[in-house]
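Structure at a glance
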Amino acid sequence: MPSNPNTVTPTAESIRLDLKAMFADLQRGRLEVQPSKYWVELNRSDEAQLVAVGFENFKRTVAKHYFTWTQIWPWDSQLRFLMSHLPLTATCANIFRTFQPIKHQHMPISQSLAVNFLSQMIWDYALKTCPFLDKLAEPEIGNPPRVLRNGRLISQDLANSALEAQSILAGLPEKPGVKRVGELGAGYGRNAHVLLSLLPGVRYVVIDIPPALYVSQRYLSSVFPTRKVFNWRSFNSYAEIQAEFESADLAFLLPSQIEMLPDGCFDLFVNVSSLHEMRLEQIKYYFAQIRRLVRDQGWFYLKEWKVSHIPYENIVIREEEYPLAEWKILFEREAMVQTKFFEALLQRP
Ligand SMILES: C[S@@+](CC[C@H](N)C(=O)[O-])C[C@H]1O[C@@H](n2cnc3c(N)ncnc32)[C@H](O)[C@@H]1O
């Protein structure tokens, strides 16, 4: 009998029931944490796909709504960045690799070729930039597309997470004393996988709405099967969960639960490609909570679109609207590869 129930493949019925419980508890939360109309729609289709195709294939379904690019044009900003930062020989070698395989079973040919070429190019750039990337491996859990380099599975997600980890770690002092990391809107947990691999002994708390919370909980518990997990559950006060939460290596919470967490409980907080899909009052609410939850002199790394258009609600959010000035800005700059994003490392004054 496996000790961790998250490592057993769930049935369609159990996925439905678990998600129903998470959504019901989320609805008890304040307006600011509720998903935008855009995410309500995405969640509906993600839930249907999880139920129909199974958790075991999530890297071919819901993960495509997180950070994987499957449609790119030759003039795409990512391609322009990569081609200008890699030698011509790398681009030529990657054009050759693009046709292996010509088509992934779950994608049309055009998307398969885009995923292959972009993954190979980002991989080369990340190898050059992140000295630790060679030691990391894309987990098989979730059945990722078979993009290989020298027989080894690679991915856009792993390369992008390595670049983000590199930005964070290079910005911290030599002995940063990071014991607990919080991440809002973690998707399936690609950043958590990399940071947990690079920072041994660190505890990680994922804060997200379902179905992403459900997926990351199962994924990270399976990728790190020996770690102690605080599975998501409904609770009414911190005292109810304190002992179990504080001793867990991995914990999973809804955003409607973070107000119950004590001040200063995180050393580092992360948000990638998530706040930019929220209304301004939500961004301000989360910024206030993150500032409360990060300890004095602790850090907050974020990476968002410089300009984002939120579908359905006709909202445009610009880089200058994020309340960064309430923090000490260690850097705020254009992101590597996806140059339409900015990234910033902030320190709590
Ligand atoms: C585009 S995905 C990015 C996921 C991940 N950070 C990555 O880069 O792979 C956006 C994430 O924000 C989460 N999200 C959307 N609305 C949210 C809300 N109101 N509160 C908290 N998280 C939310 C989604 O569930 C998802 O995990």
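For the structure, check the block above.
Source: prediction; values computed, not measured. (Residues numbered from 1 in each chain as written. Predicted model: local features only at pLDDT ≥ 70, side-chain atom pairs only at ≥ 80, totals over all residues. Heavy atoms only, no water.)

Digging into the overall build of the protein chain
Summing up its helical and strand segments, the protein chain has ten helices and twelve strands in all. In terms of overall dimensions, the protein chain is globule-like: its C-alpha atoms have a radius of gyration of 19 Å, near the 20 Å expected for 349 residues. Each principal axis of the C-alpha atoms in the protein chain carries an extent, and together these give about 60 × 45 × 45 Å. In the protein chain, which comprises 349 residues, the share counted as buried stands at 57%. Looking at the protein chain alone, contacts between residues at least 24 apart form 72% of all its contacts between residues at least 6 apart. Within the structure as shown, the protein chain displays about 15000 Å² of accessible surface, and the carbon and sulfur contribution to it stands at 56%. Measuring between centres, the 38 positive side-chain charges of the protein chain sit 4 Å from its 37 negative side-chain charges. (Helix = DSSP H or I, 4+ residues; strand = E, 2+ residues; numbered from the N terminus. Rg over C-alpha atoms; globule rule 2.2 N^0.38 Å. Buried < 20%, exposed > 50% of the residue type's maximum accessible area, 1.4 Å probe, protein only. Contact = heavy atoms within 4.5 Å. Areas by Shrake-Rupley, 256 points an atom, 1.4 Å probe, with all protein chains shown as cover. Lys, Arg positive; Asp, Glu negative; His and termini not counted. Charge placed at Lys NZ, Arg CZ, Asp CG, Glu CD.)

Concerning the side chain of R180
As for its placement among the helices and strands, R180 is situated in strand β3 (residues 180-184). Leaving out residues up to four positions away in the same chain, R180 has contacts with V202, R203, V205, F245, E246, C265, F266, D267 and L268.

Observations regarding the sheet that holds β3
Sheet strands line up and pair through hydrogen bonds in the backbone, either parallel or antiparallel. Taken in spatial order, the eight strands make up an open sheet running β5-β6-β4-β3-β7-β8-β12-β11, and their pairing is mixed. Because the sheet does not close on itself, it has two edges, and the strands there are β5 (229-230) and β11 (328-334). Against the sheet, helix α10 (residues 280-293) engages β3, β7 (266-272), β8 (294-305) and β12 (341-347), with an angle of about 145 degrees to β8. (Pairing = 2+ DSSP bridges. Axes fitted to C-alpha atoms, helices over the stretch in contact; angles between N-to-C directions.)

Details of the site of the ligand
Around the ligand sit 23 residues, and of these G185, R190, D208, V272 and Y286 come closest. In this structure, a nitrogen atom belonging to the ligand sits 2.8 Å away from a main-chain N or O atom of G185. Contact distances for the ligand include 2.8 Å between a nitrogen atom and a side-chain N or O atom of Y286. Coverage of the ligand by the protein amounts to 99% of the 600 Å² it exposes when considered alone. In this structure, the ligand is accommodated by the largest pocket. Taken together, the residues of the shell around the ligand sort by class into 13 nonpolar, seven polar and three charged. (Near = heavy atom within 4 Å. Polar contact = N/O pair within 3.5 Å; in protein donor to acceptor, adjacent residues only side chain to side chain. 1 Å grid on protein atoms, 1.4 Å probe; cavity = no way out; pocket = protein on both sides within 12 Å on 5 of 7 lines; lining within 4 Å. Sits in = over half its atoms within 2 Å of the grid points. Nonpolar A, V, L, I, M, F, W, Y, C, P; charged D, E, K, R; others polar.)

What about empty space enclosed by the protein?
Under the defined criterion, the tally for this structure stands at two cavities of 30 Å³ or more. Counted as a void, the largest cavity has a volume near 180 Å³. What lines the largest cavity is a set of 18 residues, and nearest its centre among them are K59, T68, P145, S155 and D157. Listing elements by their share of the lining of the largest cavity, those giving two or more residues are α5 (109-129) and α6 (156-171). Space inside the second largest cavity adds up to approximately 40 Å³. Taken together, K59, E138, P139, D157, L158, S161, Y188, R190, H193 and Y219 make up the full set of residues lining the second largest cavity. Where the lining of the second largest cavity is concerned, the elements lending two or more residues are α6 and α7 (190-198). Per-element accounting of the lining of the second largest cavity gives the leading share, three residues, to α6. Class assignment for the residues of the lining of the second largest cavity results in four nonpolar, two polar and four charged. (Points joined across faces, edges and corners; volume = space filled by probe spheres on them.)

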